2 protein chains.
Amino acid sequence: MASDKGLAAIRLFNRPLYLQVRDALVERIGKGDWKPGMAIPNEVDLAREFGISSGTMRKALDLLEDQRVLTRSQGRGTFVNDHSSAGLVSRFWRISAPDGKPMNGDAKRIEIVEAPANEKERRRLHLGAEDSVYRVRRARWHADRPFVVEEASLPTAHFPGLLERKGIDHRIVGLAQLYGILLGKAEERITIAPAPPSIADTLRVAPDTSVMRLDRLLLTLDGQPVEWRVAHCHLVSGFYLAEIG
Amino acid sequence: MASDKGLAAIRLFNRPLYLQVRDALVERIGKGDWKPGMAIPNEVDLAREFGISSGTMRKALDLLEDQRVLTRSQGRGTFVNDHSSAGLVSRFWRISAPDGKPMNGDAKRIEIVEAPANEKERRRLHLGAEDSVYRVRRARWHADRPFVVEEASLPTAHFPGLLERKGIDHRIVGLAQLYGILLGKAEERITIAPAPPSIADTLRVAPDTSVMRLDRLLLTLDGQPVEWRVAHCHLVSGFYLAEIG
DNA sequence: AAGTGGTCTAGACCACTCA
DNA sequence: GAGTGGTCTAGACCACTTG
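Notes on the structure in this doc start here. (Residues numbered from 1 in each chain as written. Chains lettered and ligands numbered in written order. Predicted model: local features only at pLDDT ≥ 70, side-chain atom pairs only at ≥ 80, totals over all residues. Heavy atoms only, no water.)

Here we look at the overall build of chain A
Then, number 1: Scanning chain A for helices and strands turns up eight helices and eleven strands.
Then, number 2: Put simply, chain A has 245 residues, and 44% of those count as buried.
Then, number 3: Long-range pairs, those at least 24 residues apart, make up 55% of the contacts in chain A between residues at least 6 apart in sequence.
Then, number 4: In the structure as shown, chain A presents an accessible area of about 12,700 Å², 51% of it carried by carbon and sulfur atoms. (Helix = DSSP H or I, 4+ residues; strand = E, 2+ residues; numbered from the N terminus. Buried < 20%, exposed > 50% of the residue type's maximum accessible area, 1.4 Å probe, protein only. Contact = heavy atoms within 4.5 Å. Areas by Shrake-Rupley, 256 points an atom, 1.4 Å probe, with all protein chains shown as cover.)

Structure representation (C-alpha cells):
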C-alpha cells in the first residue's frame, strides 16, 4: 500500500503528519514566504506539494485556523491573517467601553530602553543571567484622559535592532508580525492594588488610589514567553472583559 | 451512490449532518440516557446506529470534546464528562491562590429566594415580564475569612422545584448537571467598585472599601442565559486569572 | 488478544464567490 | 462557469489500554 511507505518515510518520531505539516506551514509564514493578507495555495495543491492526502492537509489547516494564523472562506480561499488589522489588533486587549467594544485609546509618551533582565524578568520570561530585555513604558489616553499605564518587558533576542527602527507601532501584536513571530496564548492575573507614585502621577490620580493591576504573560505559538507586561488601569466607565469557556 | 440518497434524506435545511448528530448526542446526554462518568458506545457502533460514516461521527464527537461534554481517551473509550468532578467544578471560577490553583473556599450562609424577575434580570437573562428567578446569595470563606460574596439570579424555568431539593450543591455547575443542562460559555465583566454596605458587612471590611466586582453571564451550550451572577471579592493574596487566546 | 480512539487515504459531491 | 473551501464516505492501518 502507498500508506505504509508514506507513513514510514514521513512520520518521524511518531509525531502525527498533520502536526509536522502545520509546523512547516507556520515556518513558511514566519519566514515571510506568505505575507499577511495574502492567499495561500488551495488545499489540493498544497496536499500534492507535501505529498499527503487532502484530508490530512485539511486537518493541518483546521488547526492553523483555530490558532488564528489563517482565515478560510468558502469559495474565496485561505488567507494569512493580518494581525495589525482591525479585527485582530485587540486580540489580547480586554478592556472594553460600556458598549462592549475594545477601548484601545491612543498611546502617548512611549519610552523604550534596553537593559539586562532583572530577577523577576528572568523568572517570568525564562531568561538566563546574560539575557537582556527591552522595557517599554506607555500610557493610553481616552477622551482626553490617561486611563492606563503599561510597562512591558520583551526579550531582546526576539526583536533584534528594535531601538533603531523608527515610526513603528510598539504594541506587541504589531511587533510580533514585524518579526515573524506568531502569538499563541496569554495569561493575565488581575488584582486590585494601590497605584505606585510614578503611575499615579501619569494617571492623574492621588497616590495609593486603588487601581486594577494587570499582570500578563504572552506566549508564542510554540509556548515561549515573548512579553511580560504589567498595566495599571484606572477605569472610570469601562470594564475588563474576561471570556470563559 | 449511497451518498446521494443519504444526504438528501438526512440533511434537512442544509444543516451539516455532523451538527445534527452532535445535537442528537447532546439531547441523549441531557435526558440522562448516558450519565456523567459513563462510557458511550464506540465510534463505529454509533456511526452505524445513526446510519452515517465513522468520519462524520468522529467530527461530531470532536466538537463535543471541544465543548467539554465528552472526554475521549485512546484505547479506553469515550466518556460523558462529570462536571462535579475535581477537574471541572472550577471551570467558571477564575479566582486563584498565589500558587495558581483555583481558590474555591467553602460556601457559607446560603440563602435562596424566588421572586419575579426585576428589570435588570429580565434584560440580562432575556426573560419576559411574567418570568421569575431564584436569587442565590452566598459567601465563600478561605482560611477563616470571608473573601467573596456572590449574588446569582437563575431563571426558575430552568430549575423546576429547586427550593424543595435538600442537601444539594447550589453552585451552578452542579445544578446544571442535576437538571441536565450543558453549560457553554461565560462572559465576565470586571470592575473595581466600593463594597455596598451589606456586602462590606459580610466581607468584614469598611463600607466603600474598593473590591473587585465580577459581573458574569453564563450561557448554555445552545447560547441561552442560565445564570447572571454579581460577585464582590476582597482579595488579600490571590488574583483573578484570565486566559486569553 | 481484543477493543478502543487516532491517523491517513483517495476519492465524490455540495455550497459559495467572483469574474 | 471556474475555482475555492466544506461535507461526507468507506475503508486501512497505527497506538494505546485492559483483561
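Moving on from the model shown.
Some details on the state of the cysteines
Then, number 1: Evaluated as defined, the whole model comprises zero disulfides over all chains.
Then, number 2: B:Cys233 supplies the cysteine sulfur nearest to A:Cys233, a cysteine that is in no disulfide, at a spacing of 18 Å.
Then, number 3: A residue is classified by how much of its surface remains accessible, and B:Cys233, at 2% relative accessible area, is buried. (Disulfide = S-S within 2.5 Å.)

Comments concerning the protein's contact with DNA strand C
Then, number 1: Residues in contact with DNA strand C amount to 24 residues; listed here are only the nearest, A:Leu17, A:Thr56, A:Gln74, B:Asn14 and B:Arg58.
Then, number 2: Backbone atoms, meaning sugar plus phosphate, form 81% of the atoms of DNA strand C positioned within 4 Å of the protein.
Then, number 3: Here a phosphate oxygen of DNA strand C sits 3.0 Å away from a polar atom, N or O, in the side chain of B:Asn42.
Then, number 4: A distance of 3.1 Å is found between a base nitrogen of DNA strand C and a side-chain nitrogen or oxygen belonging to B:Gln74. (Near = heavy atom within 4 Å. Polar contact = N/O pair within 3.5 Å; in protein donor to acceptor, adjacent residues only side chain to side chain.)

Section: the protein's contact with DNA strand D
Then, number 1: As a structural note, the neighbourhood of DNA strand D is formed by 25 residues, with A:Arg58, A:Thr78, B:Leu17, B:Thr56 and B:Gln74 the closest of them.
Then, number 2: Counting only atoms of DNA strand D within 4 Å of the protein, the fraction found in sugar and phosphate groups is 82%.
Then, number 3: Within the side chain of A:Thr78, an N or O atom sits 2.8 Å from a phosphate oxygen of DNA strand D.
Then, number 4: Taking B:Lys59, its side chain carries an N or O atom lying 3.0 Å from a phosphate oxygen of DNA strand D.
Then, number 5: Mapped by element, the contributors of at least two residues to the surface near DNA strand D are β2 (70–73) and β3 (77–80) of chain A together with α1 (2–10), α2 (17–31) and α4 (54–66) of chain B.
Then, number 6: Class assignment of the residues belonging to the surface near DNA strand D gives a composition of seven nonpolar, eleven polar and seven charged. (Nonpolar A, V, L, I, M, F, W, Y, C, P; charged D, E, K, R; others polar.)

So, the interface of chain B and chain A
Then, number 1: Facing the 25 residues of chain B at the interface are 25 residues of chain A.
Then, number 2: Looking at the side of chain B facing chain A, the largest losses of area belong to B:Ile190, B:Ile192 and B:Ile244, adding up to 29% of the total buried there.
Then, number 3: The tally of links from chain B across to chain A stands at zero salt bridges.
Then, number 4: Our count for the contact surface shared by chain B and chain A stands at six residue pairs in polar contact (both at pLDDT 80 or more).
Then, number 5: When contributions to the side of chain B that touches chain A are tallied by element, the ones reaching two or more residues are β8 (183–194), β9 (210–220) and β11 (239–244) of chain B.
Then, number 6: If one sorts the elements of the side of chain B that touches chain A by residue count, β8(B) sits on top with nine residues.
Then, number 7: Split by residue class, the side of chain B that touches chain A holds twelve nonpolar, five polar and eight charged.
Then, number 8: Taken together, the five bridges between strand β8 (residues 183–194) of chain A and β11(B) define a ladder with antiparallel strand orientation. From the neighbouring strand, A:Ile190 faces β11(B), where its bridge partner is B:Tyr240. (Buried area = accessible area lost by both parts, 1.4 Å probe. Salt bridge = Lys/Arg side-chain N within 4 Å of Asp/Glu carboxyl O. Pairing = 2+ DSSP bridges.)

Remarks on unusual backbone geometry
Then, number 1: Residue A:Arg68 is not a glycine yet carries a positive backbone phi of 60°.
Then, number 2: Here A:Arg68 is to be found in the loop between α4 (54–66) and β2.

With respect to the environment of A:Val26
Then, number 1: With respect to the helices, strands and loops of the structure, A:Val26 is situated in helix α2 (residues 17–31).
Then, number 2: Through-space distance from the C-alpha of A:Val26 to that of A:Leu64 is 8.2 Å; in sequence the pair is 38 residues apart.

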